[in-house]
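Notes for the structure review
Below are the chains, spelled out letter by letter.
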Amino acid sequence: MQTLDSVQTAAPQGALASPAVARNTAPILEILRAHLPARAHVLEIASGSGEHAIAFARALPAATWTPSDPSPEARASIAAWTAEAGLPNLAPALALDAADPDGWPEVDAQVIFCANMVHISSWAATEGLMAGAGRVVPDPGGLLILYGPYRETDVPLAPSNAAFDESLKARDPAWSLRELDDVVAVAKAHRLHLTRRVEMPANNLMLLFRRA
């Protein structure tokens, strides 16, 4: 299951760069600062280029950040960024496929963070993410944080998101903007309860689920 979205080569050598990261890092970081435990151990699912991992580990030096991705290309990019950054609180990237929660490597994490995967992967990846998160984060109080665009009942879909949804389906019929109610339901099946919904720039949402 590949989760790496379109990227372009960038310095350092062997690294990839996603234009979306430059746009959304600051607003995401604001939410992380407000809700992460003081010395959080964070597992990032579908880290892609690795730029989020670098930015958040640098901005949150008390946290330990572990990136992951099923794509060897993505993990090579994460390694390149990690080598350049030299951050003591940034762990090596794990080979982890969200769609295969039984195959997740052992990891100690209070928080799981996942940005822009749910719509750029099969529904099995979301189901696996919830199953894995429900097993990994502590009970009670463990935290799962999702970022990205969603469809919501009784909320008109922004034209830009509607066009994005069509482009996703054209690229892969298994991809699409997910119904928020469906995501909440599969999370609840693993005792992860939506406790906060935050509207973000460019018609995205931050969703915070707590283990209970």
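Higher on the page you've got the structure.
Not measured: the values here are computed from a predicted model.

A separate point is the environment of N204. Along the polypeptide, N204 turns up in strand β8 (residues 204-211). In this structure N204 comes out as buried when scored by relative accessible area, which is 12%. As a C-alpha pair, N204 and N116 span 88 residues in sequence and 9.5 Å in three-dimensional space. Excluding its chain neighbours within four sequence positions, the residues that come into contact with N204 are Y147, G148, P149, V198 and E199. Among the polar contacts listed, one links the side chain of N204 to the backbone oxygen of P201, at a separation of 3.2 Å.

This part covers unusual backbone geometry. Across the junction of D139 and P140, the peptide omega takes the value 0 degrees, indicating a cis bond. The phi torsion at R191 lies on the positive side, around 60 degrees, for a residue other than glycine. Note that R191 resides in the loop between α6 (180-188) and β7 (192-200). With a phi close to 60 degrees, N203 is a non-glycine residue in the positive phi region. Note on placement: N203 falls in the loop between β7 and β8.

About the thresholds
- Residues numbered from 1 in each chain as written.
- Predicted model: local features only at pLDDT ≥ 70, side-chain atom pairs only at ≥ 80, totals over all residues.
- Heavy atoms only, no water.
- Helix = DSSP H or I, 4+ residues; strand = E, 2+ residues; numbered from the N terminus.
- Buried < 20%, exposed > 50% of the residue type's maximum accessible area, 1.4 Å probe, protein only.
- Contact = heavy atoms within 4.5 Å.
- Polar contact = N/O pair within 3.5 Å; in protein donor to acceptor, adjacent residues only side chain to side chain.

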